[in-house]
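What follows is each chain in one-letter form.
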Amino acid sequence: MLRRLVLTRGPELAVLGFLAAIPLFVTNPYALGLLTLLAIYGILLIGLDVTVGYLGQVNLSHVAFLGLGAYAAGLVVVRLHGGFTFSLAAATLVGLVFGGLLAFPALRLEGPQFALATLSFATLTATALNELEALTGGAQGLSILRPPFLGHPLSASGFFWLCLALFALVWMAMRNLLASQWGRAFEALRDSPIATDAMGVGTYRHKVAAFALGSALGGLAGGLYALNFLYLQPQSYSYDLMVILLLGVVLGGRMSLWGAFLGACLVVLLPNLLSNRLLFQVFSGLGLLLAAYSGTRGLVKKTTRPFQALAPVVAMGLLVVGGLKVQNTEDWRKAIFALMLFSVVVGLPEGVMGFAAKALSKLFHLEPPALPPAASLDEVLPARASDGSSLLRLIDLKQYFGGVKAVDGVSMNVVSGAIHGLIGPNGSGKSTLVNVVSGLYTPTSGEMTLRGRLLPTGSLMRVAGFGVARTFQNLQIFSGLSALDNVMVALRGAYRTPMPLVLLGAARGEERKAQADALALLELTGLGVDARTPAKDLTYGSQRLLEIARALARRPELLILDEPAAGLAHPDVMRLVEIIRRIASRGVTMILIEHHMDVVSELCTTVTVLDGGRVIAEGTPDEVKRHPKVIEAYLGQAPAAGAAAEA
Amino acid sequence: MTAAVLAQVVVSGALMGLVYALVAYGFQLTYATSKSINFGQGELVMVSAFVSLSLVNAGLPYGLVLPAGMLFGALLGLFVERAGVRLALEQKSEGWILMTIILGLFFLSAAENVWGRDDRPFPTPISSDPIHLLGVDITPLEISVAVGVFAVMGLVELFKRVTLLGKAFEAVSADRDAAELMGISARRAIMLSYGLSGMVAALAGILVSPITTVGPTMSSTLILKAFSVAVVAGLDSGFGVVVVGILLGALEAVTSLTVGSGWREAPGLVLLILALAVRPTGVFGKATIRKV
Amino acid sequence: MLRVEGLHAGYGASEVLQGVTLEVGAGQLVALIGANGAGKTTTMRAISGLLKPARGRVILDGREVQGLEAFQIARLGLAHSPEGRKVFGPLSVEDNLLLGAFRRLPAFFGYRRHAAAGLERVYGLFPKLKDRRTQAAGTLSGGEQQMLAIGRALMADPKVILLDEPSMGLAPIIVQEVFATIRRLKEAGTTLLLVEQFASSALAVADRAYVMERGRILREKSTDDLRHDEGLLQAYLG
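The rules behind these values
- Residues numbered from 1 in each chain as written.
- Chains lettered and ligands numbered in written order.
- Predicted model: local features only at pLDDT ≥ 70, side-chain atom pairs only at ≥ 80, totals over all residues.
- Heavy atoms only, no water.
- Contact = heavy atoms within 4.5 Å.
- Buried area = accessible area lost by both parts, 1.4 Å probe.
- Salt bridge = Lys/Arg side-chain N within 4 Å of Asp/Glu carboxyl O.
- Polar contact = N/O pair within 3.5 Å; in protein donor to acceptor, adjacent residues only side chain to side chain.
- Helix = DSSP H or I, 4+ residues; strand = E, 2+ residues; numbered from the N terminus.
- 1 Å grid on protein atoms, 1.4 Å probe; cavity = no way out; pocket = protein on both sides within 12 Å on 5 of 7 lines; lining within 4 Å.
- Points joined across faces, edges and corners; volume = space filled by probe spheres on them.
- Nonpolar A, V, L, I, M, F, W, Y, C, P; charged D, E, K, R; others polar.
- Pairing = 2+ DSSP bridges.
- Axes fitted to C-alpha atoms, helices over the stretch in contact; angles between N-to-C directions.
- Expected span 1.5 Å × (residues − 1).
- Buried < 20%, exposed > 50% of the residue type's maximum accessible area, 1.4 Å probe, protein only.
- pLDDT = per-residue confidence, 0-100.
- Parallel < 35°, antiparallel > 145°, perpendicular 65-115°, else oblique.
- Left-handed = near helix turned anticlockwise from the far one by under 90°.
- Patch = residues over 30% accessible without salt bridge, like charges linked within 9 Å, V, L, I, M, F, W, Y side chains within 5 Å.
- Areas by Shrake-Rupley, 256 points an atom, 1.4 Å probe, with all protein chains shown as cover.

Glancing now at the interface of chain A and chain B. Between chain A and chain B, the contact holds 48 residues from the first and 40 residues from the second. Summing the contributions of chain A and of chain B, the shared interface buries around 4300 Å²; its carbon and sulfur component is 75%. If you sort the residues of chain A by the area they bury against chain B, L116(A), F307(A) and K334(A) come out on top, with a joint share of 14%. Linking chain A with chain B are three salt bridges. Two residues, E112(B) and K334(A), come together in a salt bridge whose shortest N-O distance is 2.7 Å. The tally of links between chain A and chain B comes to six residue pairs in polar contact (both at pLDDT 80 or more). Of all the secondary-structure elements, those providing two or more residues to the side of chain A that touches chain B are α5 (111–131), α11 (239–252), α14 (306–325) and α15 (333–347) of chain A. Among the elements that make up the side of chain A that touches chain B, the one with the highest residue count is α5(A) (14 residues).

This next bit is on the layout of surface pockets. Estimates place the volume of the second largest pocket at around 970 Å³. For the second largest pocket, the lining is made up of 34 residues, of which T123(A), S238(A), Y239(A), S220(B) and L224(B) are closest to its centre. Here the lining of the second largest pocket takes seven residues from α5(A), the largest share from any one element. Here the residues of the lining of the second largest pocket sort into 17 nonpolar, eleven polar and six charged.

What follows concerns the sheet that holds strand β7 (residues 453–454) of chain A. Residue and element names in this part refer to chain A. Taken together, four strands build an open sheet; the order of strands is β4-β3-β6-β7 and the sheet is antiparallel. Edge positions in the sheet fall to β4 (404–415) and β7, since each has one partner strand and no second. Here strand β6 (residues 445–450) runs beside β7; their pairing, made up of two bridges, is antiparallel. If you follow T449 over to β7, its bridge partner there is L454. The strands touched by helix α18 (residues 430–437) within the sheet are β3 (390–401), β4 and β6, with β3 carrying the most contacts at an inclination of about 115°.

With respect to the helices and strands, H62(A) occurs in helix α3 (residues 62–79). If we skip the residues at most four places from it in the chain, H62(A) touches L44(A), G47(A), L48(A), G214(A), G218(A) and M242(A).

All names here are of chain A. An ideal rise of 1.5 Å per residue puts 20 Å on 14 residues; α11 measures up with 20 Å between its terminal C-alpha atoms. Within α11, 13 of the 14 residues are buried, which leaves the element mostly enclosed by the surrounding structure. The positive-phi residue at the C-terminal boundary of α11 is G253, with phi of around 120°.

Before going further, it helps to spend a moment on the interface of chain C and chain B. The partner chain B presents 21 residues to the 28 residues of chain C that form the contact. When the two sides are added together, the surface that chain C and chain B hide from each other amounts to roughly 2300 Å², 69% of it contributed by carbon and sulfur. Among the residues chain C hides against chain B, the three largest losses belong to F71(C), F88(C) and F102(C). Together they make up 26% of the total. The interface formed by chain C and chain B contains two salt bridges. Between K167(B) and D95(C) there is a salt bridge, with its nearest N and O atoms 3.0 Å apart. Our enumeration of links across chain C and chain B arrives at six residue pairs in polar contact (both at pLDDT 80 or more). Listed by contribution, the elements that provide at least two residues to the side of chain C that touches chain B are α1 (40–48), α2 (70–75), β6 (78–81), α3 (93–100) and α4 (111–125) of chain C. Considering only residue class, the side of chain C that touches chain B consists of 18 nonpolar, three polar and seven charged.

With respect to the secondary-structure elements, P147(A) resides in the loop between β1 (142–143) and α7 (156–178). Counting along the chain gives 65 residues from P147(A) to G82(A), while the straight-line C-alpha distance between them is 7.9 Å.

What follows concerns the sheet that holds strand β1 (residues 2–11) of chain C. Residues and elements named next belong to chain C. Strands sit in the order β2-β1-β4-β5 across an open sheet of four strands; the sheet is antiparallel. Sheet topology places β2 (14–24) and β5 (63–64) at the edges, where each strand pairs with a single neighbour. Taken together, the two bridges between strand β4 (residues 55–60) and β5 define a ladder with antiparallel strand orientation. Bridge pairing in β5 links I59 to E64. Packed on one face of the sheet, α1 meets β1, β2 and β4 and runs near 110° to β1.

Our focus in this paragraph is the confidence of the model for chain C. Overall, the predicted model of chain C reaches an average pLDDT of 87, with 92% of residues at or above 70. Across the whole predicted complex the pTM is 0.86, and at the interface the ipTM reaches 0.89.

It is worth spelling out the packing of helix α1 (residues 3–34) of chain B against helix α5 (residues 140–162) of chain B at this point. Residues and elements named next belong to chain B. Relative orientation of the contacting elements α1 and α5 amounts to 25°, with a least axis distance of 10 Å. Relative to α5, α1 is oriented roughly parallel. In the crossing of α1 with α5, the sense of the turn from one axis to the other is left-handed. Contacts from S12, L15, L18, V19, L22, Y25 and L29 in α1 reach E142, V145, A146, V149, F150, V152, M153, V156, E157 and K160 in α5. Its residues assigned to classes, the contact of α1 with α5 comprises 13 nonpolar, one polar and three charged.

Right, let's get into a nonpolar patch on the surface. Residue and element names in this part refer to chain A. Together, L93, L96, V97, F98 and L101 give the surface a local cluster of nonpolar side chains, amounting to about 450 Å² of exposed area. By the secondary structure assignment, F98 is in helix α4 (residues 84–106). On the basis of relative accessibility, which here comes to 35%, the residue F98 falls in the partly exposed class.

All names here are of chain C. Burial analysis of strand β7 (residues 160–164) places five of its five residues in the buried class, the great majority of the element. Here β7 shows a buried face lined by V160, L162 and D164 and a second buried face lined by I161 and L163. The sheet contact formed by β6 and β7 spans four bridges and is parallel. Its bridge partner being in β7, H80 is matched across the sheet by L162.

Below is the structure:
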């Protein structure tokens, strides 16, 4: 326990203490200025890492939030004669509000469109800061005086300590957030946005909140930036700076607080690096050696492609040659950033911290903290009374894609407490049908009701809120999360602490409770021993069971199992049948899509057979098996094929 | 302000809009095969324009500068594909966004140092003396822009629709695996599309430079407008970019006249964010189906 | 014509195929049957190069082709009609067919003239496609799309055709039509490897069949033997 604390918290405290102590010994104002910037950029990059790292999107607008925050603080001081805390609060708030406003439209987008939207926002912001001369002073800039902090004028070292304290607070708040349901949700929505929605977690909502949070940090950093430099100019918040910030995050290592810190060090030191020729040559030479070493190693071990090994060497080589030939490195700064960023993105995509974390975890093996004992199943999945009344009713449901009628007028009725089989040949419309019911598609026409209430259409998230949970035929597990975390993500009603309190670390209690609950569900599916195993390392059969455990965490009224036995070996199928029985005994109604007829016969009370998007038979398993249409659809009537050949 | 002034501004703006359309068309070409676009396309326009300017200054006749500049643009396009896009596409990641931004930054810096940071005039034999046409003044230079844009877009569209190779492009876009099964090399199709896209970018640079001058900053202004046009029009409609390009060009010119020249960029950016928010596939684009 | 020896392949860390060996003689129709997830489709993808085999050999007409790119294998005369048909939705029916013959047509102009005979043959086989030649392939019904996918594979004039689940998602009456077509192709001397979940339909047309389970060939039998194997039929009722 103590060892764990020392290893995880020790380095943080050591670095923090070291940084805080420097002004006691060093009085050089230049060095102090760099340290202050380090703390400010630390906050800024932690904010940028939220989108670039945790959401996995290229965000080109962070520099705009820096600018907005800076101007908000500056204007509060100049125009409203506001104090220190007021101006910082205003900066943070402006970041939060504008971040939220941009996030609503932008986060419906992915990849390139998102990058474009953020780039436009950044340019628009720069235009506005330049053109709203009456407010911002335009290109001439805005000078401010630093207001006293709580009545005391701050010295340079005092301001540094304040920035450092804020950086430490942001660091701790982010760590709390990442250790909570929020951190899991970020990971989950990167692995599978569809499953995240289907588990009722709300991809969109989490993305917007995360983006707004990151932007607020950008605003806060901007406020500090303004109070540090005391002079604001629109052109400070340029595309160039944006690229440097990206370089910092990517080089330091995405999805890592330490990575953001390392990145901030780099961003702070870059100007010095460029102005000092000797330093630059040493640095680029080291870079070349590193690229050559890791490239050769990758090629020998055959873990990288030739391009990945060679391109960084070429880029760093250009940097070395350029450093010798070019007269003024400052003129080439953009090219230098480009070459460095290129080498990192191609050769070291996980950044320095990603690389270091691997090495460190080999050196120091840490046992994760012990799990609480599993909760009782009655608490997690209370037994429901099943009265045999109608639960889900579909009336003339249709789903067309272009000319293809995937579901063509299906009506069926699932009674409460039943295991309702849904069978049919490949492509008969089973999967499309459950995709419609679970909200992935909006049906072309038809009606769906659950306990007499209309089911929402076209929203996985809202259907999940109605008490419908599902598994996926093509596994949609959150592969980067542990088995336990996979289940914890989906736990319904377990997380009630609002985000601000989570940031303060108030969610630890409900975390323990959620762990206990999730563990109970893992034990129900026989995965208790694998709780800490990353989902991607589980066997295929266990991954299928994990999806079931995760769906149960929704405490569903209706559970849709989409081919849970596909690809399973016989012993695993038997295990699965046993588990489904146990779930049924708790009164959960199920729709079971399955190819294995023996599984269906053993479990189901009623079976609906689909073919070509229509219901061709319905009844008990035995009735269905004897139904001539079913035999024909499955076995493809041999005599008919013979007749066609004779014709 | 009189109606005549307004008409004049709208016509000049619309002609500039055609250049945005051409740059945006370059995005469509690569998007069609690979679902990726070159975020450094503006730098391609700028560097190709500078190279062509150097060729002009070296005494090459204009009739040769045009094809030579376009060839250079095509080579740059191929380089971007090789160095920035291919790896990411094969890993099915979106790393190409950052990579093409990086390459663009490199080109920009190189141009600043090789040709300087100042804007330079681009001499051309085509006259810029206005002729009076239907109540507005229009220069042969401006007409040459329109002719160039329509000619090259027409040719490329013809290639895409009439030749089997052009259809193969579309097949790669519709289903990469299935196209490979027909014996079509998806990788070569993507390379070719990047080459074509670079060529189109170079042409845009050569056409627009005599009007706007050549300078390192031309890339950033052009690219954002081209993005706006491509996104508003959708990334799969050649007809759409022309319409939206003309509209945006005219709108900008009117904004610049009525609100102030500093706000010139704003309508495009606002339009872009709105279009992304309301209809991410573009006004002329097609919707897609999510699969599990 | 096509020989596969000890083929291993998979996705990421999971090895789906664990040593598949099979052979298709010239002019033969060989069926590959097995439960869902047995590795039938993966076998086809590994043969045609969509998936790089980890080990083993694929020999097409006397030439080793494993490790080549899919488009190179296609140009050597292997046509693969993939699971789920994968027609080029936005393109017209005729463009789809022309692209099927990509490997043997001129890339720019005059390709229509070269393809005329092939088109006539496919339209003869599937008159419905001729009626819809200008329609976008994505708007066809499932059955028509399957006809198009088979026609597209035929256009290449291939040495071997791999047909993956041609009956998938089709109504029984259409399935019968598809199998009638397959029978005609066989009579015309086409070499075919057929993956099919309708075991008995496949067995009715095939010369030989392989049964797959968990990435391996379980047994190889003449179709007569398999057709009278009650246990097997029972296993694939679902």
